Amino acid sequence: MNKAPAKEYESSSNTSDIIVDKLISWKVEMIFSLAGDGINPIFEASRKRQDEIRLITVRHEESAAFMASGYAKATGKLGVCVGTTGPGAVHLMNGLYDAAMEGAPVLALTGVMPNDVLGTKFFQEIDTIAMLQDIAVYNQTINGPIHAQTIVDLACRAALATPGVAHLTVATDIQQKPLKDDEHSKKGGHLAGSSTYKPRMEVPTNEELEQAAALLNNSKKTMILAGRGALTARDEVQELAERLQAPVAKALLGKAILPDDSPFTTGGIGRLGTLPSKQMMDECETLLILGSNMPYLDYYPEKATGIQIDRDPQRIGLRYPVAVGLTGDVQATLKELLPKINQQDDGGFLQTAQERMRKWKEMLEKIESNQSVPVKPPFLVAAVSKLINEDAHISIDTGAHTVFTARHFPIKAKQDMLACGNLASMAPGLPYAIAAQLAFPGRQCIAMVGDGSFTMLMGEMATAVLYNLPVKIIIFKNNALAMDRFEQEEIGGKEYGIALQPINFAKIAEACGAEGYSVTDPAELSAVLSKAFSSAKPAVVEVSVDPDTPPDPPEKLKA
């Protein structure tokens, strides 16, 4: 067998040149970053290769990390963000935790002070290796251009294969060190890395599959809970639901698994889900969990036989006790499991779910038809859902609007959705939309955000303008941290510290070079949305919504 030779670099190539070349060899399409003296050599190396890898400069490093995470979650490709020394690296942390907690493949590069001042409490000195120790699947310091030839490959492979966050840090002087000034150690020999990689598709043993199939074939009341890990298995989930005559409840991160008009889904689950999902969970005999880590423990069955498929063995039984736990890729596992599943001849359980869903949708339609002033959040969500493209990409921020969007937005077969599910951070809605638009330039990309969450990183509207990204940002404006208000009331407290100084977000958008629209009258909403959606420019539509509409759990919702 012929061995592919390692790439030979010019002796004048420095560490940064090699890092950027390695990223290109891993088919990285873009880097998200904000300039700083601690990473200027990496920027220079990127400038020299700008026809092969795109640098997306942002207004805040937190946005860079959220964009890398959102890009990775939306595409499955490696997202890359770069942070300069000290505060630049610290600012990446929120977005990196988002990626780590959802298993998104992200590589973070950070700069640190020159080697000869490390450990001297120097200006902006931060131990970034220690800072990322809790979340990084690979976490190393690059000590020179020779080392970079191996270590960058290992980091990229770890991020994609685990998947998760890999981190590399490199001192500013090392970033500029040329290859001619470095040499292999005797032990290192001529070690060099490789950019070859194929996704891991682990499948359980036949014996394990037979155990799961036996339980499912003997159950008349099976409920399927599907999450983000099942997004690549949409066809398989539908076929399984049809064979088992089983309803499918979707965790928020798995909302796009089945369209909401599918006869096999009961929609969302948990506090932002549907009542039929809760009812069918309560009544099922068997619960099949597919790639989900749904956190609302009181929405699981009190007593059912649990079966779980997850690529991460540490998540087996994490939320619900299981009789059979199958470690493997959801799609690959279902392809092996389906031939062992008999066609269920008793469709009574599914029919009950469908009848409940019919009544539930009738109630939602009544709620969504309320055109009183101020605009009701469900009315806003329903209006957006009716006007956007069949293949639109929707990003959701975190707040009360998350509940309304999750519940009142009926997703279609070709649409996709991003949310910060496990970390549930405020602020990623706009960065997610920008990342999605960069990844899918031909698709309509929309963000549903609260006024509190949008304010945190609203400077990125200028980034959308800079790169001519026609993202549309829908702001639920109630001048308050609404979710926190209702949570305070829920514990018996009084509203405190949640009022927000009103901001004219339409003018903010215009100041950034985007289009800005304000809506206070429900009768004008559709016309304004249509105008914004038809524009080729980035746009903000701020809608003054009723602050007193509670994001109720499904069992409390009434028309």
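Residues numbered from 1 in each chain as written. Predicted model: local features only at pLDDT ≥ 70, side-chain atom pairs only at ≥ 80, totals over all residues. Heavy atoms only, no water.

Q: For this particular structure, what's the right way to read the nonpolar core?
A: A general tendency of soluble globular proteins is for nonpolar side chains to be buried together. In terms of nonpolar packing, the biggest core is built from 44 residues, with F32, C81, L96, V106, F454, I473 and V540 touching the most fellow members. With residues up to four places along the chain from it excluded, the contact list for F32 reads I56, A64, M67, A68, Y71, V80, C81, V82 and L438. Membership of the second largest hydrophobic core comes to 38 residues, among which are A256, A383, A392 and I394. (Core = buried A, V, L, I, M, F, W, Y, C linked by side-chain atoms within 4.5 Å. Buried < 20%, exposed > 50% of the residue type's maximum accessible area, 1.4 Å probe, protein only. Contact = heavy atoms within 4.5 Å.)

Q: How do you make sense of the sheet that holds strand β8 (residues 248-250) when you look at a structure like this?
A: Pairing between sheet strands relies on hydrogen bonds along the backbone, with the strands arranged either parallel or antiparallel. The strand order β9-β8-β7-β10-β11-β12 describes an open sheet built from six strands, whose pairing is parallel. Of all the strands in the sheet, the pair left with one neighbour each is β9 (265-268) and β12 (324-327). In this sheet, neighbouring strand axes are inclined to one another by 15° on average, regardless of whether the strands run parallel or antiparallel. Relative to strand β11 (residues 305-310), strand β10 (residues 286-290) runs parallel, the two being bridged by five bridges. By the bridge assignment for β11, T286 is matched with T305. (Pairing = 2+ DSSP bridges. Helix = DSSP H or I, 4+ residues; strand = E, 2+ residues; numbered from the N terminus. Axes fitted to C-alpha atoms, helices over the stretch in contact; angles between N-to-C directions.)

Q: Quick question: what am I supposed to make of the packing of helix α10 (residues 234-244) against helix α12 (residues 330-337) here?
A: The description of two helices packed together rests on the angle between their axes and the distance between the axes. It is at 9 Å that the axes of α10 and α12 come closest, and there the two elements cross at 40°. Between α10 and α12, the interaxial angle falls into the category oblique. The two elements α10 and α12 meet at a crossing, and its hand is left-handed. Contacts between α10 and α12 involve E236, V237 and L240 on the former and, on the latter, Q331, L334 and K335. Residue composition of the contact of α10 with α12, by class: three nonpolar, one polar and two charged. (Parallel < 35°, antiparallel > 145°, perpendicular 65-115°, else oblique. Left-handed = near helix turned anticlockwise from the far one by under 90°. Nonpolar A, V, L, I, M, F, W, Y, C, P; charged D, E, K, R; others polar.)

Q: Whenever I open this one, the pairing of strand β14 (residues 416-419) confuses me. Can you help?
A: Walk down a regular strand and you will see the side chains alternate between the two sheet faces. Residues D416 and L418 line one face of β14 and the alternating positions M417 and A419 line the opposite face, and both faces are buried. Sheet topology note: the strand β13 (residues 393-396)/β14 ladder contains four bridges and is parallel. Counterpart to I394 in the pairing with β14 is M417. In this view, the connection linking β13 to its parallel neighbour β14 by way of helix α15 (residues 400-408) has right-handed handedness. (Right-handed = clockwise from strand over helix to strand, strands pointing away.)

Q: What am I meant to see in the side chain of H167 here?
A: Counting through the fold element by element, H167 comes out in strand β6 (residues 165-171). Looking at H167, its side chain comes within polar contact range of the side chain of N139, at 2.7 Å. When near neighbours in sequence (up to four residues on either side) are disregarded, H167 contacts L107, A108, T110, T128, I129, L132, A136, Y138, N139 and Q140. (Polar contact = N/O pair within 3.5 Å; in protein donor to acceptor, adjacent residues only side chain to side chain.)

Q: Would you mind showing me how to read the pairing of β6 here?
A: Counting buried residues along β6, seven of its seven residues qualify, which places the element largely inside the surrounding structure. Pairing geometry for strand β4 (residues 106-112) and β6, over seven bridges, is parallel. Among the inter-strand pairings, L109 is bridged to a residue of β6, identified as L168. Pairing of strand β5 (residues 136-141) with β6 involves five bridges; the strand directions are parallel. Across the sheet, Y138 pairs through a bridge with A166, a residue of β6.

Q: Teacher, can you tell me more about helix α5 (residues 93-101) here?
A: For an α-helix the count is 3.6 residues per turn, leaving residues at separations of three or four pointing the same way. By the burial criterion, the buried members of α5 are M93, G95, L96, D98 and A99. A positive phi of about 65° marks G103, the residue just after α5.

Q: For this particular structure, what's the right way to read the pattern of salt bridges?
A: When the charged atoms of two side chains with opposite charge come close together, those side chains can pair. Scanning all chains against the criterion turns up 30 salt bridges. The partner of K77 in a salt bridge is E29, with the nearest N and O atoms 3.1 Å apart. In this pair, K77 sits in the loop between α3 (61-75) and β3 (79-83) while E29 sits in the loop between α1 (15-25) and β1 (30-33), placing the two residues 48 residues apart along the sequence. Residue classification places K77 among the partly exposed positions, given a relative accessible area of 40%. (Salt bridge = Lys/Arg side-chain N within 4 Å of Asp/Glu carboxyl O.)

Q: Can you help me understand unusual backbone geometry in this one?
A: Across the chain, the bulk of peptide bonds are trans and the bulk of non-glycine residues have phi less than zero. With omega at -20°, the peptide bond leading from T162 into P163 counts as cis. Position of P163 relative to the elements: it lies in the loop between α7 (145-161) and β6. A positive phi angle is found at K27, which is not glycine, with a value near 65°. With respect to the element layout, K27 can be found in the loop between α1 and β1. What makes K27 exposed here is its relative accessible area of 68%. Its identity as a non-glycine residue notwithstanding, A427 has a phi of 105°, on the positive side. We classify A427 as buried; its relative accessible area is 2%.

Q: What exactly am I supposed to notice about the sheet that holds strand β17 (residues 515-519) here?
A: Spatial strand order, β14-β13-β15-β16-β18-β17: six strands in an open sheet with parallel pairing. Only two strands of the sheet have a single neighbouring strand rather than two, namely β14 and β17. Each strand axis lies, on average, 15° off the axis of its neighbour in the sheet, ignoring direction. Pairing between β13 and strand β15 (residues 445-450): four bridges, direction parallel.

Q: Help me out: how do you make sense of the packing of aromatic side chains in this one?
A: Centre distance and the angle of the planes are the two values used to describe a pair of aromatic rings. Enumeration over the complete set of coordinates arrives at six aromatic pairs. Here the basic side chain of K278 rests over the ring of Y299, its NZ or CZ set 5.1 Å away from the ring centre. Over the face of the ring belonging to F440 we find R443, whose NZ or CZ atom lies 5.1 Å from the ring centre. (Phe/Tyr/Trp six-rings, centres within 6.5 Å; stacked < 30°, edge-to-face > 60°. Lys NZ or Arg CZ within 6 Å of the ring centre and 35° of its normal.)

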